[in-house]
Amino acid sequence: MALGSILIAAIAFPFAAHALGWDYYVGVMTRVMIYALAASSLNLVLGYGGMISFGHAAFFGAGAYCVAILAQEGVVSALVAWPLAVAVGVACALVIGAVSLRTRGLYFIMITLAFAQMLYYFFVSLKAYGGEDGINLAARSRLPGFDLRDETTFYLVVLAILAGCLYFLRRLAASRFGAVLHGIRENEPRMTALGYPTYRYRLVCFTVAGGAAGLAGALIVNQHGFVSPGLLDWTQSGTLLIMLILGGVGWLYGGVAGAAAMLLLEEVLSHWTGYWKLGLGIVLLLVVLRAPGGLGGWLARGGARG
Amino acid sequence: MNALLLLEQGLNGLQFGLMLFLLAAGLTLVFGVMDMVNLAHGSLYMIGAYLMATAAQATGSFWIALPLAMAATAAIGMALESGLLRRLYERDHLSQVLATFALILIANDLVRMIWGPQALLLDAPRALARTIEVIPGAPYPAFRAFIIGVGLAVAAALYWMIARTRIGALVRAGASNREMALALGVNVKRLFTLVFGLGAALCALAGAMLGPLLAVQIGMGEAILIQAFVVVVIGGIGSIRGALVGALLVGMVDTIGRAFLPALLRGFLPNNIADALGPTLAAMAIYILMAAVLYWKPTGLFPARG
Amino acid sequence: MKRILAAAALACVGFHPAGAADKLKIGFISTLSGPAAALGVDIRDGLNLAIKHQGGKLGGLPVDLIVGDDTFSPDVGKQLTERMLKRDDVHIMTGIVFSNILLAVAPAIFQDQTFYVSPNAGPAELAGDRCSPFFFNVAWQNDNLHEAMGKHVADKGYRNVYLIAPNYPAGRDALNGFKRFYKGATSGEVYTKLGQLDYAAELAQLRAAKPDAVFIFLPGGMGINFIKQYNAAGLAAAVPLFGPGFSADEDVIRAVGEGMQGMFNSSHWNRDIDNPQNRRFVADFEKDYGRAPTLYASQGYDAGLLIDSAVRAVKGRIEDKNAFRAALRKADFKSVRGAFRFNSNHYPIQDYYLRLIARDEKGRLTNRIVGTIFRNHSDAYVKSCKM
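The model shown is predicted, which means the values in this text are computed figures rather than measured ones. (Residues numbered from 1 in each chain as written. Chains lettered and ligands numbered in written order. Predicted model: local features only at pLDDT ≥ 70, side-chain atom pairs only at ≥ 80, totals over all residues.)

Student: Residues and numbers for the overall build of chain A, please.
Tutor: A tally of helices and strands in chain A yields 13 helices and two strands. For 306 residues, the compact-globule estimate of 2.2 N^0.38 gives 19 Å, and the C-alpha radius of gyration of chain A, at 19 Å, lies within 12% of that figure. C-alpha atoms of chain A, sized along the principal axes, occupy 60 × 55 × 40 Å. Buried positions account for 53% of the 306 residues belonging to chain A. Of the contacts made within chain A by residues no fewer than 6 positions apart, 77% connect residues no fewer than 24 positions apart. (Helix = DSSP H or I, 4+ residues; strand = E, 2+ residues; numbered from the N terminus. Rg over C-alpha atoms; globule rule 2.2 N^0.38 Å. Buried ≥ 20, exposed ≤ 12 C-beta atoms within 10 Å, placed from the backbone. Contact = placed C-beta atoms within 7 Å.)

Student: Give a description of the pairing of strand β7 (residues 160–166) of chain C that names residues and reports values.
Tutor: Residues and elements named next belong to chain C. Among the seven residues in β7, six count as buried, and that is most of the element. Where β7 meets strand β8 (residues 185–192), seven bridges bridge the pair, whose relative direction is parallel. Looking across to β8, one finds that A165 is bridged to Y191. Across four bridges, β7 lies against strand β9 (residues 213–216) in parallel orientation. When the bridges of β9 are listed, I164 appears paired with I216. (Pairing = 2+ DSSP bridges.)

Student: Provide a residue-level description of the sheet that holds strand β1 (residues 24–30) of chain C, including the pertinent values.
Tutor: Residue and element names in this part refer to chain C. Spatially, six strands are ordered β2-β3-β1-β4-β5-β6 in an open sheet, and the strand pairing comes out mixed. The open sheet has two edge strands, β2 (57–58) and β6 (135–137), and neither has a second partner. Here β2 pairs with strand β3 (residues 61–69) via two bridges, running antiparallel. Considered in β3, the bridge of K57 is made with P62. Taken strand by strand, helix α2 (residues 37–53) contacts β1, β2 and β3, and its axis lies near 160° from that of β1. (Axes fitted to C-alpha atoms, helices over the stretch in contact; angles between N-to-C directions.)

Student: So, the interface of chain C and chain B: which residues are in play, and what are the values?
Tutor: With 21 residues of chain C at the contact, the number on the chain B side is 24 residues. Mapped onto the side of chain C that touches chain B, the elements with two or more residues apiece are α2, α7 (200–209) and α8 (221–232) of chain C. Ranked by residues supplied to the side of chain C that touches chain B, first place goes to α7(C) with five residues.

Student: How would you summarise the interface of chain B and chain A if you had to cite specific residues and measurements?
Tutor: Listed as interface residues are 30 residues of chain B and, on the opposing side, 30 residues of chain A. Looking at the side of chain B that touches chain A, the elements that each hand over two or more residues are α4 (93–115), α9 (220–235) and α11 (271–296) of chain B. When residues in the side of chain B that touches chain A are grouped by element, the largest group, 15 residues, is from α4(B). When its residues are assigned to classes, the side of chain B that touches chain A shows 23 nonpolar, four polar and three charged. (Nonpolar A, V, L, I, M, F, W, Y, C, P; charged D, E, K, R; others polar.)

Here it is, written out as structure tokens:
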């Protein structure tokens, strides 16, 4: 099966890269997988929950800051810092979701954006933790049994986490909870009439996604070694949305495909020209006009045979 | 805190607010009449500023360059609308977000290709490079006073156009009920193109006014776009009156907040907390304002629909 | 999907870097876009001129200058640094204008045991207890030019000064430096947002505070906008404006024009310093680039000369890091400033001059040295450095 061979290729990649001397690209692929996780968490909100959130980067950034601040204070254990990052993501999503989900349409988009900006200014105000200039990660998280400072080990740990989360997403979508979400997405008044507490279902969905984004944040600050309030900016939320739409909203692998496509396109294009954003923009326009379902939709329609 | 300082900051707030109005007016019309989320609105503002700087350089005169830049930007806007954006009207908001975000990327790189990465210089007209006494004893930069004048004039002109002319009636009809307007035989295509052109011209005017105060640089649209969206949401989608009231509110709250909130807080909080909290709250102020307005009036202050 | 992955993999094949010890790879990251671009562009052009003057080589090795634009963002700077260290395997890094970006990328560079020669940013953090054997600053320590103005303003008898600087490491260093030598009263100490361009609110506040002098540190586009708005607000006639050379050099003079005449500022270099290498530098820079060099350009040029002297001293064997470091420390080159030497924390010990903006004999509005404020001045942090 295609999925199996991709997984095997992914596991083999860092070893092959090391043999060829391409160690730098192991880091690149790790970054792709972390953004795939962040975009997939947005997929839960948007694709499965039907909510257009323009503030998802806030949870991503909050998780990253959690790990960075703990590291600066001397707490580097992944078993403490990473679950805390998830908890921070959940807490922020709970508060923001509780207020925002009372609105609809453009107003929901704007409120989520506003809250993300507020969280951005909050991190700017933390002078002890770098303020606007951001902070370097004091040390990579320590996971017992794994030396995360080794790029290959870190890559495999991230791969495992991504695979685990995608599996969880698949189970969630196929469950009763997922079915109710689907119903709410299709026709909310009907679900309400049937007696379902739609607000509560949406809030749970939003919160779980926030937690997953927080976990992605913990991983990105480890990979990048640095976090600044810019990670919570609305343009970052926009980038996550773009990745997801490019990959295919509602498709289980939409986040993965979109993150891979966008980041690899950036890496390849930036080699040839400083104007790679132009190329990316044109590709995105073509996707909107010709392939509205993103890569997922294109594949579902037969894609490229073979 | 003396009265003259309050007056000067008040004028600053008025100046900022009126510039936001120029941007928000076009944005709210496009959203109201065509039901389209246009993230590229900020790019039209940037293009307008660049064209203005180039024209001012070439002709040596601010006054000759201004109508040239506005006309050129309006033409670009109308070409963009009829060539590309009109395909998006029937699509969902998400596709519009993706497409117009792509346009931001393309516009930034095209501008960089044509004008280079450094910021351009745009000077205020020589005649206005002095102060005037708004009231005796209160000097205020003449150029900023001029901006206030221009903003008020545009507001009056737009009001007259919307409330007293046939085109204005068509715009109001389209904003409040597009299907009905279509059914009544309005030449919707031409109306839409004109509305978009008008929005683009207003963007160019704002760019020309703010260029001398800020800098004509790539990405200048993204910073101000969010504030324009906040104004539109506060004012109510599709309403020029709402855009004006919203813009003045946002302009005043932002300026007065930044100027006086830190000092105010120092009055009853310890200095170091006040110095950290003050600027943060001031930055968040407009978002808190938006949340408050939406709580009290969920569709904005003066929504065009319903 | 498989096809796409395969294509992407193939595309990456062509970009495997060839490790070469017969070329000098210099990673140059600077701010090359936005309102502060003039600074990064000048440093780059100064460095390129130094390389050109040595025949396209530094220390006998042909130079591969890899240029990246940090777009004024620490995040982008960090990404570029990763790429240059890991993918391009650079031997030396240089170029950064702003201290916040430098502090974000420095730990990774030092951890990689790569040398960094700073042609501008000189944060206090890297001069004192966090000094590094891999860090060399060929310009100044951030406080220095402001210390000089502090002394001048104090000597001139001003008693009520209003201070403005951006809120980032160099901004804080600036006002600390100024206050180290100016002990009088300050009617305001304002930190603005880095990159802020509209100073309406700050100017209103300034007017209400009624100071007898204003000291600003606002480099690049920030300074240009502030000074233009200061003049437009009618404050220039009433309250004299002082600043370090950063807010009064050729880029600001070009942008603001007449309004700059008569402004006093401090600097460690000026075009009229009389020695053969400076005369050659200024003449060739104007010929090649069509504009007068700023102090930033002189720093980029000196960085090139420093690297040239060190590579020459180790005869191209830069892999011997201890020998290369010793060669850098010796600083055996003829700086456009005249004599040049490093302190124990790898920051310069040098003279600082008072400059005045006036018309020269050719009628051009430019800086002229009118006095010396400090001789053989070192920074305030060297004692905390354990090197």
